Protein chains: 2
Amino acid sequence: MSAAGSLCVVGVGPAGPQWQTPETAAALERATDLVGYGPYVDRVRGEGQRRHVSDNREELARARQALDLAGAGGRVAVVSGGDPGVFAMAAAVMEALDGDADGRWAGVDVTVLPGVSAMQAVAARIGAPLGNDFCVLSLSDNLKPWAAIERRIRLAAEADFAMAFYNPVSRARPWQLGAALDALRDVRAAATPVVLGTAVGRGEQERIHVTTLAGVDPAEADMRTLVLVGASTTRVMERGGRTWVYTPRQYRPEAT
Amino acid sequence: MSAAGSLCVVGVGPAGPQWQTPETAAALERATDLVGYGPYVDRVRGEGQRRHVSDNREELARARQALDLAGAGGRVAVVSGGDPGVFAMAAAVMEALDGDADGRWAGVDVTVLPGVSAMQAVAARIGAPLGNDFCVLSLSDNLKPWAAIERRIRLAAEADFAMAFYNPVSRARPWQLGAALDALRDVRAAATPVVLGTAVGRGEQERIHVTTLAGVDPAEADMRTLVLVGASTTRVMERGGRTWVYTPRQYRPEAT
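The structure displayed is predicted, hence computed values, not measured ones.

**Here's the deal with the packing of aromatic side chains**
Per the stated rule, a full pass over the model turns up six aromatic pairs over all chains. Residues Trp146 of chain A and Trp175 of chain A carry aromatic rings whose centres are separated by 5.2 Å and whose planes lie at 75° to one another, so their mutual orientation is edge-to-face. Placement of the pair is Trp146 of chain A in helix H6 (residues 146–158) and Trp175 of chain A in the loop between strand S8 (162–166) and helix H7 (176–185), with a sequence separation of 29 residues. Residue Trp146 of chain A is classed as buried on the basis of its relative accessible area of 14%. Between Arg152 of chain A and the ring centre of Phe161 of chain B, over which it is positioned, the NZ or CZ distance is 5.6 Å.

**Some thoughts on the relation of the copies chain A and chain B**
By a simple turn and slide, chain A fits onto chain B: the slide is 0.0 Å along the axis, the RMSD is 0.0 Å, and the turn is 180°. What the rotation and shift describe, once combined, is the action of a two-fold rotation axis. Within chain A, Cys135 of chain A has its C-alpha nearest the rotation axis, a separation of 1.9 Å. Taken together, the interface assignments show that 100% of the residues at the interface of chain A recur at the interface of chain B, consistent with an identical surface on both copies.

**Examining the domain arrangement of chain A**
Interfaces are often sized by the accessible area lost when the parts come together. Residues and elements named next belong to chain A. As far as domains go, chain A holds domain 1 (6–116) and domain 2 (119–246). Each of domain 1 and domain 2 was reduced to a C-alpha centroid, and the two centroids are 28 Å apart. Taken together, the contacts link 11 residues of domain 1 with 13 residues of domain 2. Across the interface of domain 1 and domain 2, roughly 840 Å² is buried in total on both sides, 63% from carbon and sulfur atoms. For domain 1, the biggest contributors to the area lost against domain 2 are Trp19, Arg57 and Phe87; these three give 52% of the whole. If you look at where domain 1 meets domain 2, you find zero salt bridges. Connecting domain 1 to domain 2 are zero residue pairs in polar contact (both at pLDDT 80 or more). A class-by-class count of the residues in the side of domain 1 that touches domain 2 yields six nonpolar, four polar and one charged.

**Here we look at empty space enclosed by the protein**
Summed over the entire model, instances satisfying the criterion amount to three cavities of 30 Å³ or more. As a volume, the largest cavity reaches approximately 60 Å³. Taken together, Asp83, Pro84, Gly85, Val86, Val112 and Leu113 of chain A together with Gln120, Ala123, Ala124, Gly127 and Leu130 of chain B form the lining of the largest cavity. Among the elements that make up the lining of the largest cavity, the one with the highest residue count is helix H5 (residues 118–126) of chain B (three residues). Tallied by class, the residues present in the lining of the largest cavity amount to seven nonpolar, three polar and one charged.

**Focus: unusual backbone geometry**
A positive phi angle, close to 50°, is found at Asn167 of chain A, a residue other than glycine. Relative to the assigned elements, Asn167 of chain A resides in the loop between S8 and H7. Look at Asn167 of chain A and you get partly exposed, because its relative accessible area is 33%. A positive phi is found at Ala199 of chain B, a non-glycine position, where the angle reads about 55°. On the secondary structure map, Ala199 of chain B appears in the loop between strand S9 (193–198) and strand S10 (207–212). Judged by relative accessible area, which is 1%, Ala199 of chain B ranks as buried.

**A short note on the interface of chain A and chain B**
Every contact between the two is made by 73 residues of chain A and, on the other side, 73 residues of chain B. Surface buried jointly by chain A and chain B totals about 6,400 Å² across both partners, of which 57% is contributed by carbon and sulfur atoms. When the buried surface of chain A facing chain B is broken down by residue, Arg152, Arg239 and Arg249 of chain A rank first, second and third, together holding 13% of it. Between the two partners, chain A and chain B, sit 10 salt bridges.

**A closer look at the sheet that holds strand S2 (residues 33–37) of chain A**
Residue and element names in this part refer to chain A. Across the sheet, five strands lie side by side as S3-S2-S4-S1-S5; this open sheet has parallel pairing. The open sheet terminates on both sides in strands that have one partner only, identified here as strand S3 (50–54) and strand S5 (109–112). If you compare each strand with its neighbour and ignore which way they point, the axes differ by 20° on average. Pairing geometry for strand S1 (residues 6–11) and strand S4 (residues 75–80), over six bridges, is parallel. Looking at S4, one finds that Cys8 is bridged to Ala77. Strands S1, S2 and S4 of the sheet are contacted by helix H1 (residues 22–30), whose axis makes an angle of about 135° with S1. Of the strands in this sheet, S1, S2, S3, S4 and S5 touch helix H3 (residues 59–71), which is tilted by about 175° from S2.

Cut-offs applied
- Residues numbered from 1 in each chain as written.
- Chains lettered and ligands numbered in written order.
- Predicted model: local features only at pLDDT ≥ 70, side-chain atom pairs only at ≥ 80, totals over all residues.
- Heavy atoms only, no water.
- Phe/Tyr/Trp six-rings, centres within 6.5 Å; stacked < 30°, edge-to-face > 60°.
- Helix = DSSP H or I, 4+ residues; strand = E, 2+ residues; numbered from the N terminus.
- Buried < 20%, exposed > 50% of the residue type's maximum accessible area, 1.4 Å probe, protein only.
- Lys NZ or Arg CZ within 6 Å of the ring centre and 35° of its normal.
- Least-squares fit on C-alpha atoms with pLDDT ≥ 70 in both.
- Contact = heavy atoms within 4.5 Å.
- Domains from an automatic or database assignment.
- Buried area = accessible area lost by both parts, 1.4 Å probe.
- Salt bridge = Lys/Arg side-chain N within 4 Å of Asp/Glu carboxyl O.
- Polar contact = N/O pair within 3.5 Å; in protein donor to acceptor, adjacent residues only side chain to side chain.
- Nonpolar A, V, L, I, M, F, W, Y, C, P; charged D, E, K, R; others polar.
- 1 Å grid on protein atoms, 1.4 Å probe; cavity = no way out; pocket = protein on both sides within 12 Å on 5 of 7 lines; lining within 4 Å.
- Points joined across faces, edges and corners; volume = space filled by probe spheres on them.
- Pairing = 2+ DSSP bridges.
- Axes fitted to C-alpha atoms, helices over the stretch in contact; angles between N-to-C directions.

Below, the structure is given as structure tokens:
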């Protein structure tokens, strides 16, 4: 039996190499094995690594496979999009480790590296919508009950956070974004800015739409969309034909 | 009068160059002028750029200075730590632009680039504490009333978000972190994991302390500290002499 190797959980950023950190690039270069969802693994350049691709929903199985490869001596990189710590593979790897009752992966050296997440790429493109307090939710109810998601959204709306929604829709989950927006409309003003950022950083595919809580059409979002919702203080500014959205650092709500 | 130049708002990451994106590095290399808080500007390598450093509190004045330099034809980089969109200079630049009633900066080409923020660096070091829904607050009451911050914290606690606290303490603000933790204790269990990450990424200065809501001592935090608070589902795992903290992807709260 060979000595145990290492497992490094990385994120390749929301799009091209411009947002991948040097630390992550170096870890990918050192890796003997890449494990991840196909489209993310495809974004890793290099020819020396064995590539183990799997389907999007198989996160825990993928984490275990990666730990097995590392346990057998590999230098394994688990490849997420964005930041691996934000709705991505770092939590799945931790869950797998936590379930390792018989210590089969005890010798594996595990690290997690931070990355740029999609909300940050979209926010930067449009200005500074997350420039004050904000919250971050996944709208996927595959692993949590919708009632819990909606409750969080209502409380976050009352708290007047700006918000970032990951996984707003998929083919299997067509109604969740509409339901989230409906919950917001009970609390937030109709004029609240909403930003739909789709495929940000992917050249001609990129679309950014600035709209409002009253005007937003959930059908405009797809699996590549990140949704930002403003706080009561978030402002929209037109300047030289371009639209900016930002949340000022100062917070003096009219009524708290 | 020279043609207007450009202003790019960048973040150099929470610490060394390992977390700085290639996009940001390229923008810094192209810049003729660097504008920012001294310690951040000091982290930019290169000798060709004019350096304009200012004090930490002077964000709006710094944004205006940067826009003036760009208006005069400079290629100006406004340098934040971390991600410029998260409690940093992007919002201040937007505020300055929004106040530009006479259009003196109308010709300036403005961009914002995303970066890795401190919460992500701390989260990665300790596992995946932000692996499910979370919120992000600054505890500085320089620009918002403490009552509004505390209200947000209480609602976020009710919503069972994991939390990241920026600016937990400073010399001028010694009591805010203690007050925030007191507010949390009214709602969250005593055993809730709390992570204090100080100077993460800065070699031997780095300290990470995993404790609980009952056990945390606010005096351990300083200006370089990022505080993470778990959700009800956040777990602490001991493994091979190392402590990991993560929030599972699955969310089945015992009582919502």
